[in-house]
Number of protein chains: 2
Amino acid sequence: MPAPIHLSPLQFRALGHGMIDWIADYLEGVEARSVSPSVRPGDIAAMLPADPPARGEDWGAILADIDRVVMPGITHWQSPNFFGYFPANGSYPAILGDLLSAGLGVNGMMWATSPAATEIETRVMDWLGRMVGLPESFLSEPREGAKVAESGLRGGGVIQATASEATLVALVAARARIMRASGTRERLDEKESNLLMYASNQAHSSVVKAAKIAGIGEKTGTGEHRCVRQIDVDADFAMNPEQLATAIDTARDQGHIPFFVVATVGTTGSTAIDRLDKLGPICRERNLWLHVDAAMAGAACICPEHRWMLHGIEHADSFSFNPHKWMLTNFDCAAMWTRDRASVIDALAIAPEYLRNPASESGAAIDYRDWQIPLGRRMRALKLWFVLRHYGVEGLQAYIREHMRIAGLFEEWVRADERFEVAAPRSITLICFRLRPRPGEIAEQTDARNKALLGAINATGRAFLSHTVLPIGGGDSPQRFVLRMAIGGARTQERHVRAAWSLISGLAHNA
Amino acid sequence: MPAPIHLSPLQFRALGHGMIDWIADYLEGVEARSVSPSVRPGDIAAMLPADPPARGEDWGAILADIDRVVMPGITHWQSPNFFGYFPANGSYPAILGDLLSAGLGVNGMMWATSPAATEIETRVMDWLGRMVGLPESFLSEPREGAKVAESGLRGGGVIQATASEATLVALVAARARIMRASGTRERLDEKESNLLMYASNQAHSSVVKAAKIAGIGEKTGTGEHRCVRQIDVDADFAMNPEQLATAIDTARDQGHIPFFVVATVGTTGSTAIDRLDKLGPICRERNLWLHVDAAMAGAACICPEHRWMLHGIEHADSFSFNPHKWMLTNFDCAAMWTRDRASVIDALAIAPEYLRNPASESGAAIDYRDWQIPLGRRMRALKLWFVLRHYGVEGLQAYIREHMRIAGLFEEWVRADERFEVAAPRSITLICFRLRPRPGEIAEQTDARNKALLGAINATGRAFLSHTVLPIGGGDSPQRFVLRMAIGGARTQERHVRAAWSLISGLAHNA
């Protein structure tokens with residue numbers, strides 16, 4: 001190819017060093033920026049030409065557009081004043097790992113296409129599984145002598161891009177297993193439209209999305225996603241186990257085939273903790289696949305004092321949490337383990353001739369292509385490996401504990417202010433709170449005042465919170481608007497949370 | 001959090017500059033390395049401890065393990081001597097874009113969560129769509145006056161992680177559309193097990209995988225994936241259009257519901273080009289969704305002289321190709337366009353309260369979460385933007401043309417050597433070839449000699465090729481083993497291809 005079109009290594013070194021420095025400057029200075037931007041739809045696109053350049057542009061022009069075009073339209077997820085949704089942790093070690101992955105540019109779809117990509121991932125996922133207290137049956141290489149799954153199942157960990165994909169993978173594995181278990185596909189086939197899955201009404205939207213993608217739930221003709229049965233929650237917003245058991249047994253009596261349950265350890269709305277010790281035996285006795293979605297809260301289990309959240313995990317078939325949320329490993333990095341790798345592979349394996357190789361056929365190697373939705377895969381294990389080695393277990397525990405401590409402070413401040421109330425039990429670092437109803441005020445007025453407060457907070461640019469609705473009181477209670485203060489940003493310290501509370505309580509004077 | 005556990009910005013600058021330099025050194029020197037490693041399953045894992053470190057490790061130890069642990073297990077996809085599978089292009093501009101994305105650490109799941117992430121992607125995907133000659137109806141902002149889809153459909157582009165996901169997204173969108181088009185879901189529901197989809201027997205394995213995930217094809221009880229109908233190919237390994245038309249009409253007469261066709265522009269086996277101008281009208285007249293998978297070959301359409309491959313694209317409903325294969329944009333970057341965004345969104349949209357925001361509800365903004373399988377998303381547009389701006393259209397055309405030129409040379413050398421034969425028409429830069437059958441030799445012996453030759457080539461470490469089987473002669477012909485020489489590595493130049501041929505033809509003396 002004509003030489004001039006590629007950057008020279010010398011140019012790359014200079015530009016690369018400059019980009020590293022830009023990132024260091026950005027992250028060190030990000031707290032001074034307005035957390036959310038003030039652009040309207042179309043503003044950013046309008047700064048870009050309608051057509052690509054015919055000839056390559058100068059790097060001066062390209063880099064200048066980072067500040068001119070990109071920055072005005074960025075919501076600063078890395079700001080210590082970002083408290084919206086759930087955090088998206090980045091860290092310097094993870095950035096270095098991601099950079100190395102981009103430099104190597106390997107496709108780890110199979111063991112044979114870069115053995116190190118697969119084997120480092122397998123080993124590091126075993127590390128991480130032990131760090132959060134998973135039973136050895138979830139690991140690729142359980143310790144000798146460990147009591148591994150009674151039924152001869154093999155487990156293992158894999159990095160998915162997102163928790164959504166982990167849920168979808170678990171769903172299709174569960175479907176593959178129930179279809180296999182029913183003896184012949186024929187007997188089951190006529191009933192497949194009767195496959196039923198369950199989650200609480202507080203479960204993440206990805207559960208219904210997975211059902212839509214997998215084609216579960218639009219077959220009965222009586223409405224959308226009727227095959228995703230939503231179970232009510234108790235006053236703590238955790239799934240009611242008795243209602244789950246009854247729903248399964250009733251459906252089975254009616255000829256349906258309940259096959260899959262998603263329990264949530266740390267719901268998106270309020271980080272409510274579904275009780276695995278209650279749900280697990282219900283699923284196990286009835287032969288349903290239990291997937292545990294701990295996307296945000298799972299990281300807390302690095303600390304032994306938070307592992308109560310996983311009490312009963314030995315009954316689960318798969319488990320997932322996102323190091324990219326609260327464990328300093330840049331997006332995308334969703335850790336998933338299963339006790340039953342065979343069902344995952346059964347659901348997802350493809351073996352075209354052009355990918356055949358001796359290592360795959362020997363059975364001695366893992367081909368992660370068959371553990372995930374896509375075929376190709378980046379070497380995401382590098383960033384996770386770097387994070388675990390740089391921080392060490394104790395460093396990550398200290399990180400989690402500090403966020404827990406300052407979340408406790410924020411909760412105290414809310415409780416001490418009689419204008420506010422805490423709207424849900426706090427399990428980890430998310431505080432759901434709202435302005436209390438005034439005497440005589442109807443619920444919609446309270447909601448409106450809280451909505452206005454949220455808008456006022458975010459309009460300052462000094463903090464960013466998001467919201468949800470919760471059935472306060474549990475069961476069939478009406479949905480009420482609450483503010484979500486999600487603490488867990490990589491750079492968030494006590495002073496940022498203190499400043500946010502000062503801002504919120506000040507604005508509440510007018511709310 | 002305790003200060004010492006985070007890297008200081010100063011440390012990050014030093015480590016980051018070092019990592020940039022490591023990558024520059026690696027890429028400049030990669031051609032001297034053995035392309036594929038010689039490790040056995042377990043060798044790499046054995047170099048790692050069974051447990052994570054309790055305390056953070058020194059960066060000296062971490063970085064030393066790149067050379068000690070990682071490199072012995074790497075297949076060097078960035079080597080100019082890598083000719084296996086399809087290439088995985090990396091480039092310095094793309095690495096810089098990916099690095100910036102990691103540094104910003106934003107989640108572009110919705111417009112509101114970082115407007116620039118969405119709007120730059122939308123604009124750059126319009127650029128790229130025009131570059132490969134897509135009709136304006138596939139773009140988010142078609143030119144004023146352009147004849148856009150007759151039926152009031154809106155199009156648009158989106159970056160998926162992989163072509164596999166693009167196929168799955170197209171499949172579920174097609175299913176959503178046929179279910180909507182049939183009037184009521186109820187009327188269709190009872191027949192959903194009769195949904196049928198079509199691709200040639202040379203289509204990528206991700207078509208069957210998408211069907212498995214989506215739950216299409218395991219419901220009839222007469223075998224796996226019976227609902228994915230494989231259409232025979234002609235002698236050029238392209239789908240036989242008449243057979244497709246007949247298959248659809250016959251199935252419809254029998255009460256089935258044909259709904260989805262995947263045409264492949266550049267099959268994985270031999271880069272055969274399914275004829276869109278023939279297949280398109282068949283699908284359009286019969287109201288089937290036509291998805292075009294041009295994962296590898298699509299990049300060639302940046303050059304006008306190769307756009308014949310997309311002749312008839314105006315009949316398609318969706319189209320995808322991978323800039324991460326042959327357009328210098330690091331994995332993952334799969335470009336996808338649809339003429340019918342409403343069906344995609346219908347299939348994938350979820351709108352939980354905790355993600356509601358005014359921009360989404362105004363309809364003025366794109367929320368790409370509803371165009372993809374996962375919820376979260378990295379800002380992948382940056383690397384694509386950097387690549388298009390650094391190289392410019394003409395630079396990328398020159399890049400493609402140079403690979404086309406040297407692929408032509410390789411083909412000539414094979415044709416000039418009477419021991420060999422070219423086993424498939426060459427559409428772009430993949431040459432399928434094999435040792436000719438010897439007089440009196442049975443086909444299995446020819447296959448065995450070719451297999452042995454491939455093994456001998458790859459064992460040298462001086463080149464890496466992969467293989468496939470092809471029904472030479474088309475139709476029901478038996479599958480014969482062929483070597484695949486896939487040219488298109490970012491650093492591959494004439495001298496590398498020349499050296500590979502010299503190696504191959506030398507080893508053929510003993511084959």
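Nothing here was measured: the structure is a model prediction, and the numbers come from that model. (Residues numbered from 1 in each chain as written. Chains lettered and ligands numbered in written order. Predicted model: local features only at pLDDT ≥ 70, side-chain atom pairs only at ≥ 80, totals over all residues.)

Asker: Would you mind going over the interface of chain B and chain A with me for this structure?
Answerer: Accessible area lost during the coming together of the parts is what is often quoted as the interface size. Contacts between the two partners involve 126 residues from chain B and, on the opposite side, 127 residues from chain A. Residue contributions to the side of chain B that touches chain A peak at 14 residues, all from helix 1 (residues 9-29) of chain B. Class assignment of the residues belonging to the side of chain B that touches chain A gives a composition of 70 nonpolar, 31 polar and 25 charged. (Contact = placed C-beta atoms within 7 Å. Helix = DSSP H or I, 4+ residues; strand = E, 2+ residues; numbered from the N terminus. Nonpolar A, V, L, I, M, F, W, Y, C, P; charged D, E, K, R; others polar.)

Asker: I would appreciate a short explanation of the environment of Asp25(A) in the present structure.
Answerer: For Asp25(A), the location among the structural elements is in helix 1 (residues 9-29). Through-space distance from the C-alpha of Asp25(A) to that of Pro281(A) is 52 Å; in sequence the pair is 256 residues apart.

Asker: Just to check I follow, could you spell out the packing of helix 1 of chain A against helix 3 (residues 92-104) of chain B for this structure?
Answerer: To describe two helices that pack against each other, one gives the angle between their axes and the distance between the axes. The interhelical angle for the contact between helix 1 of chain A and helix 3 of chain B, taken along N-to-C directions, is 10°, at an axis separation of 10 Å. In terms of their interaxial angle, helix 1 of chain A and helix 3 of chain B are classed as roughly parallel. Taking contact as the criterion, the partners of Phe12(A), Leu15(A), Gly16(A), Met19(A), Ile23(A), Tyr26(A) and Leu27(A) in helix 1 of chain A are, on helix 3 of chain B, Tyr92(B), Leu96(B), Leu99(B), Leu100(B) and Gly103(B). Split by residue class, the contact of helix 1 of chain A with helix 3 of chain B holds 10 nonpolar, 2 polar and no charged. (Axes fitted to C-alpha atoms, helices over the stretch in contact; angles between N-to-C directions. Parallel < 35°, antiparallel > 145°, perpendicular 65-115°, else oblique.)

Asker: I'm lost on the sheet that holds strand 11 (residues 464-471) of chain A in this one. Help?
Answerer: All names here are of chain A. Read from one edge to the other, the open sheet built from 5 strands follows the order 1-11-12-10-9, with strand pairing classed as mixed. The open sheet has two edge strands with one neighbour each: strand 1 (82-83) and strand 9 (420-422). Across the sheet, helix 13 (residues 381-416) touches strand 9, strand 10 (430-435) and strand 12 (479-486), and the angle it forms with strand 10 is around 15°. (Pairing = 2+ DSSP bridges.)

Asker: What should I look at first to understand the pairing of strand 7 (residues 318-321) of chain B in this one?
Answerer: Every regular strand shows the same layout, with side chains that alternate between the two sheet faces. All names here are of chain B. Residue alternation in strand 7 divides its side chains into two sets, Ser318 and Ser320 and Phe319 and Phe321, and both sets are buried. In this structure, strand 7 lies alongside strand 8 (residues 334-338), joined through 4 bridges in antiparallel fashion. Residue pairing across strands places Phe319 opposite Trp337, the latter belonging to strand 8. (Buried ≥ 20, exposed ≤ 12 C-beta atoms within 10 Å, placed from the backbone.)

Asker: Sorry if this is basic, but what is going on with the pairing of strand 11 (residues 464-471) of chain B here?
Answerer: Residues and elements named next belong to chain B. Of all 8 residues that make up strand 11, 6 are buried, and the element is covered over most of its length. Where strand 1 (residues 82-83) meets strand 11, 2 bridges bridge the pair, whose relative direction is parallel. Residue pairing for strand 11: Phe83 is matched across the bridge by Leu465.

Asker: For this particular structure, what's the right way to read the relation of the copies chain B and chain A?
Answerer: Note that the two copies of the chain are related through a rotation about an axis and a translation along the same axis. Superposition record for chain B on chain A: RMSD 0.0 Å, screw rotation 180°, translation along axis 0.0 Å. Such a combination of turn and shift is consistent with a two-fold rotation axis. Identified as the residue of chain B closest to the rotation axis by C-alpha distance is Ala214(B), at 2.0 Å. A share of 100% of the interface residues of chain B reappears at the interface of chain A, consistent with the copies meeting face to face through the same patch. (Least-squares fit on C-alpha atoms with pLDDT ≥ 70 in both.)

Asker: Would you take a moment to explain the sheet that holds strand 5 (residues 257-264) of chain B for this structure?
Answerer: Within a sheet, each strand pairs with its neighbour through backbone hydrogen bonds, oriented either parallel or antiparallel. Residue and element names in this part refer to chain B. Taken in spatial order, the 7 strands line up as 2-8-7-6-5-3-4 in an open sheet, and their pairing is mixed. The sheet terminates laterally at strand 2 (156-160) and strand 4 (228-231), the two strands that pair on one side only. Averaged over all pairs of adjacent strands, the angle between strand axes in this sheet comes to 20°, irrespective of strand direction. As defined by bridge partners, strand 5 adjoins strand 6 (residues 289-293) across 5 bridges and the pair is classed as parallel. Bridging across to strand 6, Thr264 finds its partner in Asp293. Set on the sheet, helix 5 (residues 163-181) makes contact with strand 2, strand 3 (195-200), strand 5, strand 6, strand 7 and strand 8; between it and strand 6 the angle comes to about 175°.

Asker: Sorry, what's going on with unusual backbone geometry here?
Answerer: Among all residues save glycine, negative phi is the norm, and among peptide bonds the norm is trans. A cis amide bond links Phe331(A) to the next residue, Asp332(A), at an omega of 5°. Mapped onto the elements of the fold, Asp332(A) is located in the loop between helix 10 (323-326) and strand 8 (334-338). Phi angles above zero are rare outside glycine, and Phe237(B) is one such case at about 70°. Locating Phe237(B) in the fold gives a position in the loop between strand 4 and helix 8 (241-253). Overall, Phe237(B) belongs to the buried group, with 26 C-beta atoms counted inside 10 Å. The residue Leu328(B) is not glycine, and still its phi comes out positive at about 65°.

Worth remembering: the numbers are spatial, not functional.
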